[in-house]
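Chain and residue survey
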Amino acid sequence: MSNGADFPSVIELNVGGVLYTTTLKTLTSQPDSQLHAIFTGREPITKDIKNRYFLDRDGVLFRYILDFLRDGNVVLPECFRERERLKREAEKYLLHGLVESIFSESRNKPAGVITIGYRGSFQFGKDGLADVKFRKLSRILVCGKVDLCRSVFGETLNESRDPDHGQTERYTSRFFLKHSFLEQAFDMLIEQGFKLAGSCGSGTAGGAAELKPGVDAEENRWNHYNEFVFVRE
């Protein structure tokens, strides 16, 4: 255990296995925080086998804790998906300003609507004799305001079919995702504060029409199209 008299001006930290080097001034910059209590000797702290101060918390997210301690605010990456986890870390360290900053960022996001659509079927075994194996999606479509779609889906958004790349204050129905995981798209929308407002879908195909060469008859029979409307108020 260490007390306040032992702390050097430059501190080496081991936070959950991730190593950091910072200053004592940074760690004690928020007087009401747990880190201030630790590094002024009011709360105990242990050391690892290499004599670094050890905190048994999330080491990856601690970089944002340090950013807040240094600057009094934090700028999170676009499509940052760990807000709830970071808020929990901030609450643990008693960094009330960071907690409020995370809440404020969520509240200040612009309202909008994004529609997710997909055409899919079900993959069957050979000759249609086996049970359904898995859902088969050809593409997940994204429709909405350009800058809003980009802010939610980031690098997972494929814009190659959209002709007007330079304009953001417009709407498009030509975006699609680089993956085919519907639940991943839903997770990203929920993490950005969207809620499902409605959905609709077509029935499966009757299969009476003549099939194109190479099209599996059983899969064609289960073709369907669904749309999901997500709203952020």
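This text goes with the structure placed above it.
Below or above, wherever it landed, is the structure these notes cover. Just so it is clear, the structure is predicted and the values come from calculations on it, not from any experiment.

**Concerning the overall build of the protein chain**
Summing up its helical and strand segments, the protein chain has 8 helices and 10 strands in all. Out of the 233 residues in the protein chain, the part that is buried amounts to 39%. Taking the contacts inside the protein chain whose residues are at least 6 apart along the sequence as the reference set, 63% of them involve residues at least 24 apart. Counting every atom, the protein chain has about 13,700 Å² of accessible surface; 50% of that belongs to carbon and sulfur.

**What to know about the pattern of salt bridges**
Under the criterion given, the structure shown has 9 salt bridges. We note a salt bridge from Glu84 to Lys87, for which the minimum N-O separation is 3.9 Å. With Glu84 and Lys87 both in helix α4 (residues 83–92) and 3 residues apart, this pair spans about one turn of that helix. Exposure remark for Lys87: the relative accessible area of 13% places this residue in the buried category. Ionic pairing is found between Arg150 and Glu159, a salt bridge with its closest N-O pair at 2.8 Å.

**A closer look at helix α6 (residues 146–153)**
Val146, Leu148, Cys149, Val152 and Phe153 are the residues of α6 that are buried. All buried residues of α6 fall inside an arc of 165° around its axis, so they share one side. Just downstream of α6 lies Gly154, where phi reads positive at about 55°.

**Thoughts on the nonpolar core**
General note: in soluble globular proteins, nonpolar side chains tend to be found buried as a group. Residues Leu13, Phe39, Phe62 and Ile65 are the most contacted members of the largest nonpolar core, which totals 29 residues. Put simply, the parts of the chain that give this core at least two residues each are β1 (10–15), α2 (34–38), β4 (53–55), α3 (62–71), α4 and α5 (96–107). Of all hydrophobic cores here, the second largest spans 22 residues; its members include Ile116, Leu157, Phe186 and Phe194.

**Quick look at the side chain of Arg232**
Here Arg232 lies in strand β10 (residues 224–232). With residues up to four places along the chain from it excluded, the contact list for Arg232 reads Lys109, Pro110, Ala111, Gly112, Leu148, Gln192, Gly193 and Phe194.

**Some points on the sheet that holds strand β3 (residues 46–47)**
In space, the 4 strands of this open sheet follow the order β2-β1-β4-β3, with mixed pairing throughout. Where the open sheet ends on each side, the last strands, each with one partner, are β2 (18–23) and β3. Set on the sheet, α3 makes contact with β1, β2 and β4; between it and β2 the angle comes to about 10°.

**Section: the environment of Gly120**
The topology assignment puts Gly120 in strand β5 (residues 112–123). Here Gly120 falls in the buried class, since its relative accessible area comes to 5%. For Gly120, the contacting residues outside a window of four places in its chain are Lys136, Leu137, Trp222, Asn223 and His224.

**Section: the environment of Gly41**
Following the sequence through the fold, Gly41 ends up in the loop between α2 and β3. For Gly41, a relative accessible area of 31% corresponds to the partly exposed category. Sequence separation of Gly41 and Asp6 is 35 residues, and the distance between their C-alpha atoms is 8.6 Å.

Procedures and definitions
Position numbers for residues count from 1 along each chain, tracking the sequence in the order it is written. Totals for whole chains, interfaces and linings use all residues, but because this is a predicted model, local features are given only for residues with pLDDT of at least 70 and pairs of side-chain atoms are given and counted only at 80 or more. Heavy atoms from the whole structure form the basis of all side-chain values; hydrogens and water molecules are not counted. A helix here means a DSSP run of H or I that spans at least four residues, while a strand means a run of E at least two residues long, and both kinds are numbered starting from the N terminus. For the exposure calls, accessible area comes from a 1.4 Å probe over protein chains only, and a residue counts as buried if that area is under 20% of its type's maximum, exposed if over 50%, partly exposed in between. Any two residues having at least one pair of non-hydrogen atoms within 4.5 Å are treated as being in contact. Only the protein chains shown count as covering a residue, and every accessible area follows the Shrake-Rupley method with a 1.4 Å probe. Salt bridges are identified by distance alone: a Lys or Arg side-chain nitrogen within 4 Å of an Asp or Glu carboxyl oxygen. This arc is built from the directions going out from the helix axis to the C-beta atoms. Take the buried residues of types Ala, Val, Leu, Ile, Met, Phe, Trp, Tyr and Cys, join any two whose side-chain atoms come within 4.5 Å, and each joined set is a nonpolar core. Strands pair, by our definition, only if DSSP identifies at least two bridges between them. To obtain each axis, a line is fitted to C-alpha atoms, and for helices this fit is confined to the stretch in contact; angles are then taken between N-to-C directions over 0 to 180 degrees.

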